[in-house]
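Each chain is listed here by its residues.
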Amino acid sequence: MKPIDFHERIIAPSLLAADFSKIGEESRRAVDSGADWIHLDVMDGHFVDNISFGPAVVETVDKATDAFLDVHLMISRPDHYLPRFIEAGADMITVHVEAEHPVGETLRRIRAAGRLAGLALNPATPVAAVEPYLGEIDLLLCMTVVPGFGGQSFMPEVLEKISAVAEIRQTNGLAFHVEVDGGIDAGTAARCAAVGANVMVAGSSTFRAPDMAAAIQSIRNA
Ligand code: DX5
Ligand code: ZN
């Protein structure tokens, strides 16, 4: 596993905002438009108040592109479904600290399967909740909206949390990406990058842009 370079700006369009009638084509469009990763928002209708898609869609995208698949499990039992997302071709699997599972063990199982392990926390969840795991992850996802739907407004109060996490990373000599997800466009990406985030998940502002390549480039340059 190559070391994590958390200074690298990574753009991860969220498939949640894509045209679901042509998922494979949309995935290729994202890659052709300059996406570094494809972010797949999995929702179970229990952990969040929406249902999106499961392992079959991850497999569809895996077959359609060679893109790095950044799978965000907004589900209550990520430990139970882990084997199916690994089998489907996920490259990074991010689980929520608030979900009902043995967090440390789930993270270790993801890495044991040769995938990158991510941990996510919702806007209302304090940094203290994830601190015990920061040495065991490749990415921390600081949600910048309440998870469940695309197209919501960015929550600026999360900036303070991102800054605090970047400080802890620096002080402890840790190496993990900081990812933000929700209401991210060039403007909000710049604000998040200024306090230490480097992986930008963007759904509406990329897949729904008139020119996806230009939208991705504007977030990359933000
Ligand atoms: C929330 C989803 C969204 C999605 C991005 O549960 O995770 O944040 O990825 O949505 P936009 O970029 O449209 O706000
Ligand atoms: Zn997401």
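Refer to the structure presented above.
**Q** Teacher, can you tell me more about the coordination of the zinc ion (ligand 2) here?
**A** Six octahedral donors around a metal ideally sit at 90 or 180 degrees from one another, while four tetrahedral donors ideally sit at 109.5 degrees. Each protein donor to the zinc ion (ligand 2) is listed here as His39 (NE2), Asp41 (OD), His72 (ND1) and Asp181 (OD); together their distances run 1.9 to 2.1 Å. In terms of primary sequence, the donors binding the zinc ion (ligand 2) are separated according to H-x1-D-x30-H-x108-D. Here Asp41, found in strand S2 (residues 37–43), pairs with Asp181, found in strand S7 (residues 177–181); they are 140 residues apart in sequence, far enough to count as distant. Here Asp41 falls in the buried class, since its relative accessible area comes to 4%.

**Q** Would you mind going over the state of the cysteines with me for this structure?
**A** In a disulfide, the sulfur atoms of two cysteines are held together by a covalent bond. As enumerated under the stated definition, the model contains 0 disulfides in all. Looking at Cys142, it has no disulfide partner, and the nearest cysteine sulfur is the one in Cys192, 8.8 Å off. Take Cys192: its relative accessible area is 0%, and that puts it in the buried class.

**Q** Help me understand the pattern of salt bridges, please; the structure alone is not making it clear to me.
**A** Once their charged atoms are close, side chains differing in charge can pair, the charge on each being opposite to the other. Going through the model one piece at a time under the given rule, you end up with 6 salt bridges. Close ionic contact of Arg77 with Asp79 constitutes a salt bridge, the shortest N to O distance being 3.0 Å. Classification of Arg77 as partly exposed rests on a relative accessible area of 37%. The shortest N-O distance in the salt bridge between Glu136 and Arg108 comes to 2.9 Å. Taken as a pair, Glu136 in the loop between strand S5 (116–121) and strand S6 (139–143) and Arg108 in helix H4 (residues 103–112) lie far apart in primary sequence, 28 residues in all. Taking relative accessible area as the criterion, Glu136 reaches 23% and is therefore assigned partly exposed.

Rules used throughout
- Residues numbered from 1 in each chain as written.
- Chains lettered and ligands numbered in written order.
- Predicted model: local features only at pLDDT ≥ 70, side-chain atom pairs only at ≥ 80, totals over all residues.
- Heavy atoms only, no water.
- Donors = N, O, S within 2.8 Å, 3.2 Å for Na, K, Ca; no water.
- Helix = DSSP H or I, 4+ residues; strand = E, 2+ residues; numbered from the N terminus.
- Buried < 20%, exposed > 50% of the residue type's maximum accessible area, 1.4 Å probe, protein only.
- Disulfide = S-S within 2.5 Å.
- Salt bridge = Lys/Arg side-chain N within 4 Å of Asp/Glu carboxyl O.

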